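If you want the building blocks of each chain, they are given just below.
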Protein chains: 4
Amino acid sequence: MKNKIPVAVLAATGSVGQRFISLLENHPWFEVVEITASDRSVGKTYQEACHWLITDPMPESVKNLTLLPTEANSLQKSVFAFSALPADIAKNVEPDFARKGIYVCSNASAYRKDPLVPILVPEVNANHLDILDIQQKTYGWSGGIITNPNCTTCAFVVPLNAIDKAYGVQKAIVFSMQAISGAGYPGVASMDIIDNVIPYIGGEEEKVEYEPTKIMGSYQDGKISLHPMVISAHTNRVAVVDAHTICLSFSTNQKVSKDNIISVLKNYQMPEICIGLPSCPDRGIVYHEADNRPQPRLDRNLGRGMSTSVGRIREDSIFDFRMVSLSHNTIMGAAGGSIFNGELLARRKFGF
Amino acid sequence: MKNKIPVAVLAATGSVGQRFISLLENHPWFEVVEITASDRSVGKTYQEACHWLITDPMPESVKNLTLLPTEANSLQKSVFAFSALPADIAKNVEPDFARKGIYVCSNASAYRKDPLVPILVPEVNANHLDILDIQQKTYGWSGGIITNPNCTTCAFVVPLNAIDKAYGVQKAIVFSMQAISGAGYPGVASMDIIDNVIPYIGGEEEKVEYEPTKIMGSYQDGKISLHPMVISAHTNRVAVVDAHTICLSFSTNQKVSKDNIISVLKNYQMPEICIGLPSCPDRGIVYHEADNRPQPRLDRNLGRGMSTSVGRIREDSIFDFRMVSLSHNTIMGAAGGSIFNGELLARRKFGF
Amino acid sequence: MKNKIPVAVLAATGSVGQRFISLLENHPWFEVVEITASDRSVGKTYQEACHWLITDPMPESVKNLTLLPTEANSLQKSVFAFSALPADIAKNVEPDFARKGIYVCSNASAYRKDPLVPILVPEVNANHLDILDIQQKTYGWSGGIITNPNCTTCAFVVPLNAIDKAYGVQKAIVFSMQAISGAGYPGVASMDIIDNVIPYIGGEEEKVEYEPTKIMGSYQDGKISLHPMVISAHTNRVAVVDAHTICLSFSTNQKVSKDNIISVLKNYQMPEICIGLPSCPDRGIVYHEADNRPQPRLDRNLGRGMSTSVGRIREDSIFDFRMVSLSHNTIMGAAGGSIFNGELLARRKFGF
Amino acid sequence: MKNKIPVAVLAATGSVGQRFISLLENHPWFEVVEITASDRSVGKTYQEACHWLITDPMPESVKNLTLLPTEANSLQKSVFAFSALPADIAKNVEPDFARKGIYVCSNASAYRKDPLVPILVPEVNANHLDILDIQQKTYGWSGGIITNPNCTTCAFVVPLNAIDKAYGVQKAIVFSMQAISGAGYPGVASMDIIDNVIPYIGGEEEKVEYEPTKIMGSYQDGKISLHPMVISAHTNRVAVVDAHTICLSFSTNQKVSKDNIISVLKNYQMPEICIGLPSCPDRGIVYHEADNRPQPRLDRNLGRGMSTSVGRIREDSIFDFRMVSLSHNTIMGAAGGSIFNGELLARRKFGF
């Protein structure tokens, strides 16, 4: 048994930071040894500074860790840093960590459009991790930055990719009903969402239209080429605590039947490269037979929050098919996805 | 000043029936003189039998009316009947009322597909009312049946028609986030919708794909021809009390700019034929400039629940344009729409 | 017909300020001519600066009024000022308005404990308004300050006072389930209240324990004496948009039956001094027979938000009786109550 | 290692039945081998018949068990039966199971008032289990019936008992804000609880006023004597999925300080007799320092749903003290409590 890898959580007190802390409790490969926060909280213990919002209780092991400034120099022990930083701060500081030799697994959007930074979803594009070598050489870093996608993209990219691999996806329109936890804390005011819907999330539609084309793009000769499919998105906030529900219509390159699509989803297997990673769910895709599934409260915890649920596959009069897809926005769609990426990297770099 | 027209409300104790009762209080043309209900409630007063669910209080004037059986023979005074019946019962009994000489303004779906029964939205297709004469002749009725659309269709058909009149609508995809009041009472279980979304409403998608093509169809020589546009729908239930929110993407026949579309919606005027009807809103379409509007809790009561709110007009990478549309599902989308239809008919038949 | 009294709304863009604006639309005695806000919004029109949160639409008449600084010198025309200021700012500036000759009807708590400032509820203690003369003399003001109670107190003080007048209230324990609108905007974070309860509202229990004793106290010789009853309070926030629901147990001085209590509540009449005031509800107390009433969504709008609903009168094994009481927290419990106070004052000072 | 005890779940498809199934997955002592349901579902597999409502997924091990009729003769293998039956059916059938030699751990209220049936809360009155011998002799049963309390009683009886043991509780008034899951499925209609509170739960207040007096009563010579304290209750339903929140005021026999009470709660230890039972939480009482805790969404899962959370200990102007108490209504307050009772019994009867 190898020793655990010491890791840091950057911006550990926020909504996604808390999810990192919660998921890393008793992680078999990683151990949280350092945590950072904004100036207001630096010097306090985690328990003092953190307004804990997750239904599962705060892990005992972090309660008395002291919050450090979010600077590369603050970290003395960590080999990985899981970043829950806001995009603007991530933009400034994540390269410093990479330069110092730390592997940053970032949930921030800051570097997702950098051609040398992969947006990783292990079950979709584990091979994009190869670009890390080019990234290190080009930027002169001994560490590096890898990112996970935006939470809404995460809620449908695994089944969309499975269908693409089988029959080619030509175009897709995506409509989201997103959980409040995705907006952090205090985030969405209760006066804005109880008995209400907010049909707008700033910057979200652009991310959802871009990120799948990079994730599902091909990697060759040190370059990620975007997938040529076209995506259109409508994003909405609804009164759900956790999990984003997505309705999507899509067209395939090959003309196939509804049963073909169902078969792809039902028979989906996690790729070999993910097997054995601690966060790898038994089923990457859970296909639901019931007409009225998936539903966020009932299906978000499947695969400990790392499975994507799909259902309601049916034909469409404009596109080829319609379906509903769902995953947990702060596990699969944020901290859990980022840790899964870290595990892929840990296996490759450190032989776990 | 003419005398008021005596009217009945069929299925007056249910969710839509209550809305009829509430909206007909102090109506300038109509007076509720008879109310019906299912066997369980027949013989009780309205106040005894009705589990009132609307935030505005139950009108005093109906509290002591006695509930009659839902049969044509029960009604002794009514010239109009506003029907909140379930589809299966409507199927059986609405023709009896028509035969007896009563004008049935029905919220039920039972006869919406009958080629001689119009689905009326006065600001869209008032001319379809002409088919009533054919209906009377063909079926040998001295009264008749007119219907209003399904509540989800209602939430976007006015702006879609305005755009169609200007530039031609070729196809549209529609995603709904629908209020719980649309499912009646007890309707949606709280365990199914608090902290949740239900991505399925039985029969709804079929209605949303069909009804706009009939409403926006042309009427000529006693025949309604369906509009050739293609519609695809995804329908969902969310934790909102009243008002359905719709995201839609659409393509027009003429290639036009976003500003053209905005201009059509901002400059929309209620047609002449609706002006002066008591339920006619000042603005049939309210165009919202703010990025995050319309929203159900904030916009559902515009035009006393009879306006359609639209916003977020933007280009679409697959269709031509995207937008958000919203109206009150039990006013504009049910009882209010039905009363508006009754007013149109009352003016034509009785010179109001 | 007299001319309308020109009035200002202080802090017009906040949650309570919006309610003032909404309720003063088409008010028969008052006309909003000036509005103030914090520095951030000064100089903007109301429409530009205000994130409108009320389900009824923003009145047209105020949309283009310009926001002024919240200082006595800003007001050039107003005779009354309705104050939705936060307590700390109210503390500083309300006396300046009073000194300048303006009658401040304040929803703020800042001066509620001042022995010369009444906490007015017209149907309970209209006679406390007599203290205004003493206030003017003592403080050298040509205007004055009158306050309405905290919204939670408002949700039960009318029935408690009716029972007190009949049989004497000796003690009461009060448990609240309060709406989110009472916390302003952004106020309560959605992550804190969806699928949750917050069993704490800072400073609220102290107000609920004190204010009824002043409101129900006796006025004599220029002095308000506190009522000797003892009150204990537990205050909680729940996921309701508007209206506070109160469970209370109380003991009376006289030993009476449950039917005596019910009779007091059912036969309650608004006092003569309130009749004809525009905000005066037909029924100050609405007694509900149903076991499961009152309920906030169904009963908050009774009397246009100015009635108190009560129900579930039953015996108690520790106290004498138990009941449930409810009123609209931003109408009766804030802006509506304050306007009602203004009307009482307008009648007395200006003969309306 | 002993073999597991084969157990049945009666009424396994309902809301509490599902909790039993979920909590018994991988239970170290019990194995679900038989499940029963109402006629409508008999003969179907669990997966076919059950509308699963719990956020954690349905255990694989029960998916294909066939539902049996709820009759003693249906069970062929079970030594224990965990009963989620409605009270009226429980009344009829539970004695048949006991007669047949099965130990019924019942969540139903049917026999809670039977003088020979204990209402068990292991950390409070494990000694009441002694009455089982008398029950068997008196009724001629080879099995028996033990019950757990109503879920609302469960939310405060552990801390109330701890305080009673230390200083004697004389009287208590209890206000509840109860979760929708307590009403089963479909249970509370969404139209009744979204943006609303229901201040009434049929029969609940009577249970809350009686059950603690039996649970905290003394057992001697084959007889449970009721505790002499007086309890008054107000019960309410709010829009929370799981966990009941209780505000209570109470007086003690000894005059003590707030710090004495806090000390009792902070230093609470599970009694020796519970240690080692699989459902026994590390901390039976979790004392929260924060002003605004406990909260249902954040604290219901402490001790895997078997801890009672308390906070806000403060003085009271009518009683001696006030506090807030909370536990998970379908774990601690229903299925989890019943299983904990079963474990106590299994240790005693079968030496686990």
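Numbers given for residues are sequential positions, taken from 1 along each chain in its written order. Whichever chain is written first is A, and whichever ligand is written first is 1; the rest continue in order. Side-chain atom pairs in this predicted model are given and counted only at pLDDT of 80 or more, local residue features only at pLDDT of at least 70, and totals for whole chains, interfaces and linings cover all residues. Think of the side-chain values as coming from all heavy atoms in the structure, minus any hydrogens and water.

Chemist: An account of the interface of chain C and chain D is needed here, citing residue identities and associated values.
Modeler: In this assembly, 49 residues from chain C lie in contact with 51 residues from chain D. By convention in these notes, a salt bridge is any Lys or Arg side-chain nitrogen within 4 Å of a carboxyl oxygen on Asp or Glu. At the boundary of chain C and chain D, one finds 10 salt bridges. The partner of Arg322(D) in a salt bridge is Glu209(C), with the nearest N and O atoms 3.0 Å apart. Polar contact is defined as a pair of N or O atoms within 3.5 Å, subject to the rule that within protein one atom must be able to donate a hydrogen and the other to accept it, and that residues adjacent in sequence are counted only when both atoms are side-chain atoms. Across the chain C-chain D interface, the total number found is 28 residue pairs in polar contact (both at pLDDT 80 or more). Sorting the residues of the side of chain C that touches chain D by element identifies strand 7 (169-178), helix 9 (190-193), helix 10 (204-215), strand 10 (230-237), strand 11 (244-252), helix 12 (296-299), strand 13 (308-315) and strand 14 (321-327) of chain C as the ones contributing at least two each. Ranked by residue count, the leading element in the side of chain C that touches chain D is strand 10 of chain C, at seven residues. For the side of chain C that touches chain D, the residue count by class is 25 nonpolar, 10 polar and 14 charged. Here, two residues are considered to be in contact whenever any of their heavy atoms come within 4.5 Å of each other. Only runs of H or I of at least four residues qualify as helices and only runs of E of at least two qualify as strands under DSSP, and these elements are numbered from the N terminus. Ten residue types, Ala, Val, Leu, Ile, Met, Phe, Trp, Tyr, Cys and Pro, are classed as nonpolar, four, Asp, Glu, Lys and Arg, as charged, and the remainder, Gly among them, as polar.

Chemist: Summarise the UniProt feature "domain: Semialdehyde dehydrogenase NAD-binding" (unreviewed entry) in chain A; cite the residues concerned and give the values.
Modeler: The feature "domain: Semialdehyde dehydrogenase NAD-binding" (unreviewed entry), as given by UniProt, occupies residues 6-132 of chain A in the numbering adopted here. With 29% helix and 19% strand, residues 6-132 of chain A has its two end C-alpha atoms placed 21 Å apart. UniProt positions are given in the numbering used here, feature names are shortened, and annotations may be inferred rather than shown by experiment.

Chemist: Describe the interface of chain B and chain A, naming the residues involved and giving the relevant values.
Modeler: Taken together, the contacts link 51 residues of chain B with 50 residues of chain A. Both sides of the chain B and chain A interface together cover about 3800 Å² of buried area, and 57% of this is carbon and sulfur. Contact with chain A buries area across many residues of chain B, yet Asp195(B), Arg297(B) and Ile318(B) alone supply 17% of it, more than any other trio. One salt bridge connects Glu205(A) with Arg314(B), and the closest N-O pair in it is separated by 2.9 Å. The interface formed by chain B and chain A includes 28 residue pairs in polar contact (both at pLDDT 80 or more). Taken together, the elements giving at least two residues each to the side of chain B that touches chain A come down to strand 7 (169-177), helix 9 (190-193), helix 10 (204-215), strand 10 (230-234), strand 11 (244-252), helix 12 (296-299), strand 13 (308-315) and strand 14 (321-327) of chain B. The leading source of residues in the side of chain B that touches chain A is strand 7 of chain B, at six residues. Classifying every residue of the side of chain B that touches chain A gives 26 nonpolar, 11 polar and 14 charged. Once two parts are put together, the accessible area they lose, assessed with a 1.4 Å probe and summed over both, is termed the buried area.

Chemist: An account of the side chain of Asn196(D) is needed here, citing residue identities and associated values.
Modeler: Mapping Asn196(D) onto the fold places it in the loop between helix 9 (190-193) and helix 10 (204-215). Within polar-contact distance, the side chain of Asn196(D) engages the backbone oxygen of Asp192(D) at 3.1 Å. Excluding anything up to four places from it in sequence, Asn196(D) contacts Ala239(C), Val240(C), Gln295(C), Pro296(C) and Arg297(C).

Chemist: A description of the nonpolar core should follow, citing residues and the corresponding values.
Modeler: All names here are of chain B. Counting 102 residues, the largest nonpolar core has Phe-30, Tyr-46 and Phe-80 as the members making the most contacts within it. Counting residues per element, this core draws most heavily on helix 13 (residues 331-350), at nine residues. Each domain's extent is set by a domain assignment, obtained either automatically or from a database. Among the domains, domain 1 (5-150 + 334-350) and domain 2 (152-328) are the pair contributing at least three residues each to this core. The contact partners of Tyr-46, leaving out residues within four places of it in the chain, are Ala-12, Thr-13, Gly-17, Gln-18, Ile-21, Ile-35, Trp-52, Met-58, Val-62, Lys-63, Leu-65 and Leu-67. For our purposes a nonpolar core is just a set of buried Ala, Val, Leu, Ile, Met, Phe, Trp, Tyr and Cys residues, chained together by side-chain atoms within 4.5 Å. Each residue is assigned to one of three classes by its accessible area relative to the maximum for its type, calculated with a 1.4 Å probe on protein chains only: buried under 20%, partly exposed between the two thresholds, exposed over 50%.

Chemist: Talk me through the side chain of Arg112(A); I want residue IDs and the actual numbers.
Modeler: All names here are of chain A. Among the structural elements, Arg-112 can be located in the loop between strand 5 (103-106) and helix 5 (122-125). A polar contact is formed between the side chain of Arg-112 and the side chain of Glu-211, at a distance of 2.8 Å. Once residues within four sequence positions are removed from consideration, Arg-112 is found in contact with Asn-107, Val-117, Ile-119, Thr-147, Asn-148, Pro-149, Asn-150, Lys-207, Tyr-210, Glu-211 and Lys-214.

Chemist: Requested: an account of the domain arrangement of chain A, with residues and values cited.
Modeler: How big an interface is tends to be stated in terms of accessible area lost as the parts join. All names here are of chain A. By the assigned domains, chain A splits into domain 1 (5-149 + 334-350) and domain 2 (152-328). Spacing between the C-alpha centres of domain 1 and domain 2 amounts to 24 Å. Facing 35 residues of domain 1, the contacting portion of domain 2 comprises 33 residues. In total, domain 1 and domain 2 occlude about 2800 Å² of area from one another, counting both sides; carbon and sulfur atoms represent 66% of this. For the pair domain 1 and domain 2, the interface holds two salt bridges. Linking Asp-242 and Arg-19 is a salt bridge whose minimum nitrogen-to-oxygen distance equals 3.4 Å. Across the contact surface, domain 1 and domain 2 share 12 residue pairs in polar contact (both at pLDDT 80 or more). Elements with a contribution of two residues or more to the side of domain 1 that touches domain 2: helix 1 (15-24), helix 5, helix 6 (131-139) and helix 13 (331-350).

Chemist: Before we move on, could you go through the relation of the copies chain C and chain D and cite the residues and values that matter?
Modeler: Superposing the copies works by least squares over the C-alpha atoms of residues that have pLDDT at least 70 in both of them. Once turned by 180° and shifted 0.0 Å along the axis, chain C lies on chain D with an RMSD of 0.0 Å. Taken together, the rotation and translation describe the operation of a two-fold axis. When C-alpha positions in chain C are compared against the rotation axis, the closest is assigned to Ala239(C), at 3.3 Å. A share of 100% of interface residues in chain C that are also interface residues in chain D marks the association as one of identical surfaces.

Chemist: Before we move on, could you go through the relation of the copies chain B and chain A and cite the residues and values that matter?
Modeler: Placing chain B over chain A gives an RMSD of 0.0 Å and needs a rotation angle of 180°, together with 0.0 Å of translation along the axis. When you check the interface residues of chain B against chain A, 98% turn up at the interface there too, and the contact is symmetric in its surfaces.

Chemist: Give me unusual backbone geometry: which residues, what numbers.
Modeler: In this chain, Arg293(A) is followed by Pro294(A) through a cis amide linkage whose omega measures 0°. Position of Pro294(A) relative to the elements: it lies in the loop between strand 12 (285-287) and helix 12 (296-299). The phi angle at Arg312(B) is positive, at roughly 55°, despite the residue not being glycine. Positive phi, normally seen in glycine, also occurs at Arg304(C), with a value near 50°. Considering the arrangement of structural elements, one finds Arg304(C) in the loop between helix 12 and strand 13.

Chemist: Got a sec to walk through the UniProt feature "active site" (unreviewed entry) in chain A? Specific residues and values, please.
Modeler: All names here are of chain A. Listed under "active site" (unreviewed entry) in the UniProt record, and renumbered for this structure, are Cys-151 and His-244. A compact arrangement is adopted by the annotated residues: their sequence extent is 94 residues, whereas the largest C-alpha distance between any two is 7.7 Å. Counting through the fold element by element, Cys-151 comes out in helix 7 (residues 151-154). Leaving out residues up to four positions away in the same chain, Cys-151 has contacts with Glu-204, His-244, Asn-329 and Gly-333. Looking at the element boundaries, His-244 is found in strand 11 (residues 244-252).

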